[in-house]
Structure formats: structure tokens, C-alpha cells
Amino acid sequence: MNVLALVAHADDELLGPGGTLIRHARTGDDVHVAIFVGKPNLAMYASARYGQEVLDKRRTQAEKAAKVAGFKSVHWLGLIDETLEQDLNSTVTAAEKVVKKVVPKVVYMHHGGDLNQDHRGVFKAGLIAVRGLLNTRVDRVLTFETPSTTEQAPALPGWQFQPNHFVNVAATLERKIRALRMYDDELRPFPHPRSREGLIALARVRGSAVGMRAAEAFSVVRECVG
């Protein structure tokens, strides 16, 4: 079975659904990751927060992380940082192309109420790319939380992440952390949510809510049976 993760930035694929994707790979599924941002936004910043040198480094890091995690492929969509929601037509076009190429049965993407605008752009484009009347039918669509941006959203309707699907990642959590270490400048010191301790704590909290030692939480957008 082909599984596709639609993510805005390199490292999002592990920060959010990493343990679950590794679990897919371990059970024989082909896991593909599509990373949308590949160019710096020089128009928005006098000095781009993520210049081309940094983005090129992320590409190398993501390929190394994919090998550690056991993913089959990484697709680089090459869009401009901080524009995925603003330039939604380009984001939709890129999402549709990669969905058509991978032909996934399961798709994971960012939560739609995330505070990060690029994450919201991937969600909006992803919904269009996996709509149910396409020839490429996606049977299961889920959204994930991204530590340090999802929990920062306001406590207002439409923004809050409300999980209703939990995946046991007790056996894959350490592999997720190991793969994230390939992004040597992205993991932060505790108590940052993107620290090793923060990621493990979140997995423990999500797991304890449903009687598991560690879990990743998702919201089901669509599930087709038969």
C-alpha cells in the first residue's frame, strides 16, 4: 500500500506523524513524503529566514532522515517559503501532481487550524488534491499535529486540534527521534516542544489518553471502506 505525507517543510514529516509513518514502513507499506517548500522567500524578508543554503541543507538532511526512517521516497515540490496559503493555486497544483504520481491509499497532512500559514496551505491544497471524485481514490485522509505550531493556535472554533484517531508508536518512537537527529539544527533544548523530551512527553500524553504507552494523534477527515 502506498502512503503519502504532505508536509510544508523538511522535518514536519517526523515531528508530526513520524512514528506512524515508520510503523507503516515496518509493516511493508511504501511511505512517500512530499515536501512543499524548496525556495527562500526573499520578497518577504530582507534576509530570508531560510535562505537557499539552509534549504539545500534541509534537503540533504531529509534524505538522510528518510533512510533512517525507512521511507521509500522524498518528493521535492520546490515552492516558496511562507507562500503556500497565499499562493494556493501553486500549492494545489503541486499537491495534485504528487498525489497523481504516488497514487496513495492513505494521506497524512497538517491540521487545518495550525498557526503556521504554510501548514494551513498544505491542508487546504491537500483537501482539494484528495477529493473523493478523482480517478485516484484515497481511502483514508488524516491530519496531524505539529509540535510548536498546532498547540499555539487560539482556543477558538475551527482552530483547535481535536484528535479522534490514535496510533501506538511505543515501538517506533525512538526511531523517530533518531531520524529527527539528522536535522541536527532543528531539535531544541527542553522545554521547547521540538526537544527530544517534549516529543516523548507529547507521545506519552496522547498514549495515556487511550491506554497506550506512547501514541501519535490524528483527526480523520475521510475513511472509505469497501
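To be clear, the structure that these remarks concern was listed above.
Here the structure is a predicted model, which is why all the values come from computation and not from measurement. Residue indices follow the written sequence of each chain, beginning from 1 at its first position. Only residues with pLDDT of at least 70 are given local features in this predicted model, and only at 80 or more are side-chain atom pairs given and counted; all residues enter the totals for whole chains, interfaces and linings. Values shown for side chains rest on all heavy atoms present in the structure; no hydrogens or waters enter the calculation.

Let us now look at the pairing of strand S7 (residues 215-223). In summary, the side chains of a regular strand alternate between the two faces of the sheet. In short, DSSP must find at least two bridges between two strands for them to pair. Secondary structure elements are defined from DSSP: runs of H or I of at least 4 residues count as helices, runs of E of at least 2 residues count as strands, and each element is numbered from the N terminus. Looking at chain direction, strand S5 (residues 140-144) and S7 are connected through five bridges and run antiparallel. Across the sheet, residue valine 141 finds its bridge partner in S7, namely arginine 222. Here strand S6 (residues 165-168) runs beside S7; their pairing, made up of four bridges, is antiparallel. Looking at the pairing, valine 167 lines up with glutamate 216 of S7.

Summary: where empty space remains is shown by rolling a probe the size of a single water molecule over the atoms. Using protein atoms alone on a 1 Å grid, points that fit a 1.4 Å probe yet trap it form a cavity, whereas open point sets bounded by protein on both sides within 12 Å along at least five of seven lines form a pocket; residues with an atom within 4 Å of a point count as lining. Grid points are joined across faces, edges and corners, and a volume is the space filled by probe spheres set on the points. Here the largest pocket is characterised by a volume of approximately 400 Å³. Around the largest pocket, the lining comprises 23 residues; the ones closest to its centre are His9, Ala10, Asp11, Tyr50 and Arg58. Those elements that place two or more of their residues in the lining of the largest pocket are strand S2 (30-39), helix H3 (52-69) and strand S3 (73-80). Per-element tally for the lining of the largest pocket: the top contributor is H3, with five residues. Counted by class, the lining of the largest pocket contains five nonpolar, nine polar and nine charged residues. Considering only enclosed or pocket space, the second largest pocket measures out at about 190 Å³ in volume. Contributing to the lining of the second largest pocket are Glu145, Thr146, Pro147, Thr150, Glu151, Gln160, Phe161, Pro193, Gly198, Leu202 and Arg206. For this classification, Asp, Glu, Lys and Arg are treated as charged, while Ala, Val, Leu, Ile, Met, Phe, Trp, Tyr, Cys and Pro are nonpolar and the rest, including Gly, are polar. Residue classes in the lining of the second largest pocket are distributed as four nonpolar, four polar and three charged.

This brings us to empty space enclosed by the protein. All chains considered together, the criterion is met by one cavity of 30 Å³ or more. If you add up the space inside the largest cavity, you get close to 100 Å³. Every residue lining the largest cavity is counted, 13 residues in all, and those nearest its centre are Gly16, Glu145, Lys176, Leu202 and Glu216. Looking at the lining of the largest cavity, the elements with two or more residues in it are helix H6 (173-180), helix H7 (196-208) and S7. When grouped by side-chain class, the residues that make up the lining of the largest cavity number eight nonpolar, one polar and four charged.

Here the focus is the nonpolar core. Nine residue types can take part in a nonpolar core, namely buried Ala, Val, Leu, Ile, Met, Phe, Trp, Tyr and Cys, and a core is a set of them joined through side-chain atoms within 4.5 Å. Each residue is placed in one exposure class: buried if its accessible area under a 1.4 Å probe, protein chains only, is under 20% of its type's maximum, exposed if it is over 50%, and partly exposed if it falls in between. Ranked by internal contacts, the top residues of the largest apolar core, which has 34 residues, are Leu14, Leu21, Ile35, Phe71, Tyr108 and Tyr183. Contact definition: two residues touch when any of their heavy atoms are within 4.5 Å. Setting aside residues no more than four positions away along its own chain, leucine 21 makes contact with Val3, Ala5, Glu13, Val31, Phe71 and Tyr108. Residues Leu55, Leu79, Val92 and Ala94 belong to the second largest nonpolar core, which totals 24 residues.

This next bit is on the packing of H6 against H7. The axes used here are C-alpha line fits, helices contributing only the stretch in contact, and every angle between their N-to-C directions lies in the interval 0 to 180 degrees. Where H6 contacts H7, the axes come no closer than 11 Å and their chain directions differ by 150°. Between H6 and H7, the crossing angle belongs to the class labelled roughly antiparallel. You can see that H6 and H7 cross each other, and the crossing is right-handed. The segment H6 lies against H7, with Leu173, Glu174, Ile177 and Leu180 engaging Arg196, Leu199, Ile200 and Ala203. Residue composition of the contact of H6 with H7, grouped by class: six nonpolar, no polar and two charged. Should an angle fall under 35 degrees it is taken as roughly parallel, and over 145 as roughly antiparallel, whereas 65 to 115 is taken as roughly perpendicular and any remaining angle as oblique. Throughout, a crossing is termed right-handed when the near helix is turned clockwise from the far one, and left-handed when it is turned anticlockwise from it by less than a right angle.

This part covers unusual backbone geometry. Between phenylalanine 190 and proline 191 the backbone carries a cis peptide bond, its omega angle lying at 15°. With respect to the secondary-structure elements, proline 191 resides in the loop between H6 and H7. Although it is not a glycine, aspartate 11 adopts a positive phi angle of roughly 110°. Of note, valine 103 is a non-glycine position whose phi angle comes to about 55°, a positive value.

Across the sheet, seven strands lie side by side as S3-S2-S1-S4-S5-S7-S6; this open sheet has mixed pairing. The strands lining the two open edges of the sheet, one partner per strand, are S3 and S6. Adjacent strand axes in the sheet meet at a mean angle of 30°, parallel and antiparallel pairs treated alike. Sheet strands touched by helix H2 (residues 18-26): strand S1 (2-7), S2, strand S4 (106-110), S6 and S7. Its angle to S7, the strand with the most contacts, is close to 75°. The strands touched by H3 are S2 and S3; relative to S3, the strand with the most contacts, the crossing angle is about 160°.

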